[in-house]
Amino acid sequence: MTPRENAMAILNREQPDYYFDLMDALVILPDPMLLSGGKRPENGGEYKDNWGVTYMWKPGAPGAHPHVTPENAVIKDITKWKEQVVFPSLEGLDWSMAKKVSDGVDRKEKMTCIMFGGGIFERSHHLQGIETALVNYMVYPEETAELLRAIADWKIAYIRQMGEEVHPDIIFYHDDWGNKQNLFLPPRVWRELIKPLQKEIADAIHEAGMIYMHHADCICEPIVEDMVEIGVDIWQGVIAQNDIVRIQEITGGKLAMVGGIDGPAIDTPYTTEEEIRAEVHRAVDTYCARGRFFPGIPNGVCFRPENDRIEKEELKKYGREYALAHPILEKGGMPQP
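Keep in mind that what you see is a predicted model, and the values were worked out from it rather than measured.

K.L.:
Whenever I open this one, the overall build of the chain confuses me. Can you help?
P.N.:
Along the chain, the regular secondary structure elements total 14 helices and 10 strands. In terms of overall dimensions, the chain is globule-like: its C-alpha atoms have a radius of gyration of 20 Å, near the 20 Å expected for 337 residues. Of all 337 residues assigned to the chain, the portion counted as buried reaches 52%. Within the chain, counting contacts between residues at least 6 apart in sequence, those at least 24 apart form 67% of the total. Accessible surface, the chain as shown: approximately 15300 Å² in total, 53% of it carbon and sulfur.

K.L.:
Help me out: how do you make sense of the pattern of salt bridges in this one?
P.N.:
Two side chains of opposite charge can pair, provided their charged atoms sit close to one another. Applying the stated criterion to the full structure yields 22 salt bridges. Ionic pairing is found between Arg 246 and Glu 221, a salt bridge with its closest N-O pair at 3.2 Å. A residue pair is termed long-range when its members are at least 10 positions apart, and Arg 246 in helix H11 (residues 244–250) and Glu 221 in the loop between strand S7 (211–215) and helix H10 (224–230) qualify at 25 residues. Salt-bridge contacts for Lys 317 lead to Glu 321; the nearest nitrogen and oxygen are separated by 3.1 Å. Placement of the pair is Lys 317 and Glu 321 together in helix H14 (residues 305–325), with a separation of four residues, close to one helical turn. Among the charged side chains, a network of salt bridges with common partners joins Glu 273, Arg 277, Glu 306, Arg 309, Glu 313 and Glu 314.

K.L.:
Looking at this structure, how should I read unusual backbone geometry?
P.N.:
As a rule of thumb, non-glycine residues mostly have phi less than zero, and peptide bonds are mostly trans rather than cis. One non-glycine residue with positive phi stands out, namely Arg 13, at about 60 degrees. The phi dihedral of His 167 is positive, around 40 degrees, even though this residue is not glycine. Here His 167 shows up in the loop between helix H7 (141–165) and strand S6 (170–174). Relative accessible area serves as the criterion here: at 35%, His 167 is assigned to the partly exposed category.

K.L.:
I keep staring at the environment of Leu 255 and nothing clicks. Help me out?
P.N.:
In this fold, Leu 255 is placed in the loop between H11 and strand S9 (256–260). Separated by 27 residues in sequence, Leu 255 and Val 228 have C-alpha atoms that sit 6.2 Å apart. Apart from residues no more than four positions distant in its own chain, Leu 255 is found in contact with Val 224, Val 228, Val 232, Asp 233, Trp 235 and Arg 292.

Criteria and cut-off values
- Residues numbered from 1 in each chain as written.
- Predicted model: local features only at pLDDT ≥ 70, side-chain atom pairs only at ≥ 80, totals over all residues.
- Heavy atoms only, no water.
- Helix = DSSP H or I, 4+ residues; strand = E, 2+ residues; numbered from the N terminus.
- Rg over C-alpha atoms; globule rule 2.2 N^0.38 Å.
- Buried < 20%, exposed > 50% of the residue type's maximum accessible area, 1.4 Å probe, protein only.
- Contact = heavy atoms within 4.5 Å.
- Areas by Shrake-Rupley, 256 points an atom, 1.4 Å probe, with all protein chains shown as cover.
- Salt bridge = Lys/Arg side-chain N within 4 Å of Asp/Glu carboxyl O.

Structure representation (structure tokens):
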């Protein structure tokens, strides 16, 4: 099987040649909106994105993070957000690089995706700072709802443009709704303010004939049934701090998942090779048995190169062994014990 065929077999509960991280079957297309924001300095210097949000990429950090202060916050008063937020223009974006990469992909071998970062929740707190945003979700729900509505409309318009310009197989939508302990918002507030808009975003993705893969490497367990209702096809970034087996049971296999290997636990200078390989086995044995599961490190990699090499080597080897030893006997079935 090609990586694409193998991925679709797991997604459709058919017999794969091997179990693997879905990301290995994907080619990420350049996002012209992200590219138009200019170079991101990795030396700790500040820069602003197309929304005017200040970020900082500290030396040695895996990526940039918002660096929002009372002085540089885009939204300084949620009741006046309409006067303060300038939405990036979707006119005249240069899709040439994305089209070039897309045209070079053998669609029989790989799938294409666009990594669409800064979901409506993340964007709302990047504009004003996480502490201020969380307070405003509770104290100014009407103004926050208006802001979220406007962000969602912008995202839906951009998703439709993505479909028209390059039509990726997958929209790889990012929005971390929690941390490794819990959701950032009470489920009631999330359901009231985020869920309806996220359903519209999912509908726009599906109407364009694309798969909706949602990245959230955090606790989402309290809202996984809502994620199914919204129309999330694949949850990427499933950390082991979620009760993944319970999630598989209560969602009835309707939510495909990517992750499960406890990256931070095996990404230390003290972790032995045996411990890394054992964690790969644990994740494959525990989660793949219930089907529609792609084992991998939720954030993609171990940051220590040797740990990453061992993890990927073991997953490549054991993922194939497991598929051979646990055949799916009929279409839509489950791996056999």
